Amino acid sequence: IHQKNTNAVCLSRRRLEGKTIIVTGGTAGMGLEMAVDFANRGARVIIACPFEDEGKNARNLIIQQTENQNIVFKLLNLASLKSVRQFAADILKNEDRLDVLINNAGVGAPRDKLTQDGLNFIMQVNYYGAFLLTLLLLPLLIKTGKPGEPSRILLTTSVLHRIGQMDFKNMNKTDYWYKIQIYGNSKLCLIPFASELSKRLEGSHVVVNNVDPGAVGTRIFESGSKLLGFFLRNIILNLFKTPWQGAQTALYAALDKKAGEVSGAYFRNCGLTRAVNRAYCEKTAKILWEESVRLVQLTNEEVEQCFQSL
Ligand SMILES: NC(=O)c1ccc[n+]([C@@H]2O[C@H](COP(=O)([O-])OP(=O)(O)OC[C@H]3O[C@@H](n4cnc5c(N)ncnc54)[C@H](O)[C@@H]3O)[C@@H](O)[C@H]2O)c1
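Residues numbered from 1 in each chain as written. Predicted model: local features only at pLDDT ≥ 70, side-chain atom pairs only at ≥ 80, totals over all residues.

**Some remarks on the UniProt feature "transmembrane region" (unreviewed entry) in the protein**
Moving on, step 1. Cross-referencing UniProt, the feature "transmembrane region" (unreviewed entry) maps to residues 125–142 in the present numbering.
Moving on, step 2. Secondary structure across residues 125–142 divides into 100% helix and 0% strand, with the first and last C-alpha atoms of the span separated by 24 Å. (UniProt positions renumbered as here; feature names shortened; annotations may be inferred. Helix = DSSP H or I, 4+ residues; strand = E, 2+ residues; numbered from the N terminus.)

Written as structure tokens, this is what we have:
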């Protein structure tokens, strides 16, 4: 239904005065580019990550570049269920609206195998953390969305979802031969999550979509290996999109009028496309939902509360 923009640049001229946008990981890479763009359009932009210095520097840089003072940095560690709950509670208490939630933060290389919550580190940052945060912020998103002007949730996936697996008996397995497998698993989970959530939000003015930025030259896959680091910096990164280019699909999905008319969809290169077929199995999506609720330790009453204002 959409004309594909082959230059893959978000052409929207929409202004965002009076709107509030959260960009997780809006402190580096593509997230920082998104935050600068939203700030230039006049939005209140909340950026979040677990690193105080990175966050403060990013906030200063955005204010300097855009002259928009309405930029907030908040600590958020997606690898901790407690931190996600604290961040969400702070937002629900202090913000009166939330127009766009961009679940952008992600990690590629494992730091710790398991987190304090007993979950696989990459799975928790890339998937469970985004799952919990999104559910907890639903009341504010539902309150903000209006007919013709929905609030929007974006979930950042990757072409690597294609190598992903979902083994419900072993969701937090760490001993894969290729570490990139866990990254693929986490990115695959975000697709049935978007489908299932979009169904549960039917009748509301909230849309939820996946965005796939393509291959982008950021620090995400930097590891301790000097040789790999050399290849990444000098060879691979030059072939990839720049962070600004990589940010364009998320900007399109957050701003374009037509992109706000679909839910449960997958965007790449500023246009609609589809994920791998098995990502759309309804039965799998339902099992994944239940399993995720259990693993992020949400009670059924809490889940009901998230949707209460529907
Ligand atoms: N770079 C690529 O080629 C590529 C391709 C497809 C998808 N993606 C996805 O795009 C998103 C952005 O990646 P990027 O390439 O800009 O990476 P990046 O490493 O430059 O930025 C990642 C951001 O996430 C934040 N972050 C890291 N750990 C966190 C945690 N525990 N809690 C909260 N925030 C945390 C970082 O502080 C940073 O702001 C990620 O979800 C990534 O998986 C990237």
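**Here's the deal with the site of the ligand**
Moving on, step 1. Around the ligand sit 28 residues, and of these Gly25, Gly29, Gly106, Ser158 and Thr218 come closest.
Moving on, step 2. Counting residues per element, the shell around the ligand draws most heavily on helix H1 (residues 29–40), which supplies three residues.
Moving on, step 3. The class makeup of the residues in the shell around the ligand is 15 nonpolar, eleven polar and two charged. (Near = placed C-beta within 6 Å. Nonpolar A, V, L, I, M, F, W, Y, C, P; charged D, E, K, R; others polar.)

**Describing the nonpolar core**
The tendency in soluble globular proteins is for nonpolar side chains to be buried side by side.
Moving on, step 1. Core analysis: the biggest nonpolar cluster contains 88 residues, and Ala35, Val45, Ile102 and Leu137 have the highest contact counts within it.
Moving on, step 2. In terms of residues, this core owes the most to one element, helix H4 (residues 121–144), which gives 16 residues. (Core = buried A, V, L, I, M, F, W, Y, C linked by C-beta atoms within 7 Å. Buried ≥ 20, exposed ≤ 12 C-beta atoms within 10 Å, placed from the backbone.)

**Brief notes about the pairing of strand S4 (residues 100–103)**
Moving on, step 1. Alternating residues of S4 divide into Val100 and Ile102 and Leu101 and Asn103, and every residue in both groups is buried.
Moving on, step 2. With three bridges connecting them, strand S1 (residues 20–24) and S4 associate as parallel partners. Each bridged residue has a counterpart across the sheet, and for isoleucine 21 the counterpart in S4 is valine 100.
Moving on, step 3. For S4 and strand S5 (residues 151–156), the ladder comprises four bridges, and the chain directions are parallel. Counterpart to asparagine 103 in the pairing with S5 is leucine 155.
Moving on, step 4. Where the polypeptide runs from S4 across H4 and back to S5, its parallel neighbour, the crossover connection is right-handed. (Pairing = 2+ DSSP bridges. Right-handed = clockwise from strand over helix to strand, strands pointing away.)

**Some thoughts on the sheet that holds S1**
Moving on, step 1. Taking strand neighbours across the sheet as the criterion, the eight strands line up as S3-S2-S1-S4-S5-S6-S7-S8 in an open arrangement whose pairing is mixed. Lying at the two open borders of the sheet, with one neighbouring strand each, are strand S3 (71–75) and strand S8 (271–273). If you compare each strand with its neighbour and ignore which way they point, the axes differ by 25° on average.
Moving on, step 2. Across the sheet, helix H2 (residues 52–66) touches strand S2 (44–49) and S3, and the angle it forms with S3 is around 175°. (Axes fitted to C-alpha atoms, helices over the stretch in contact; angles between N-to-C directions. Contact = placed C-beta atoms within 7 Å.)

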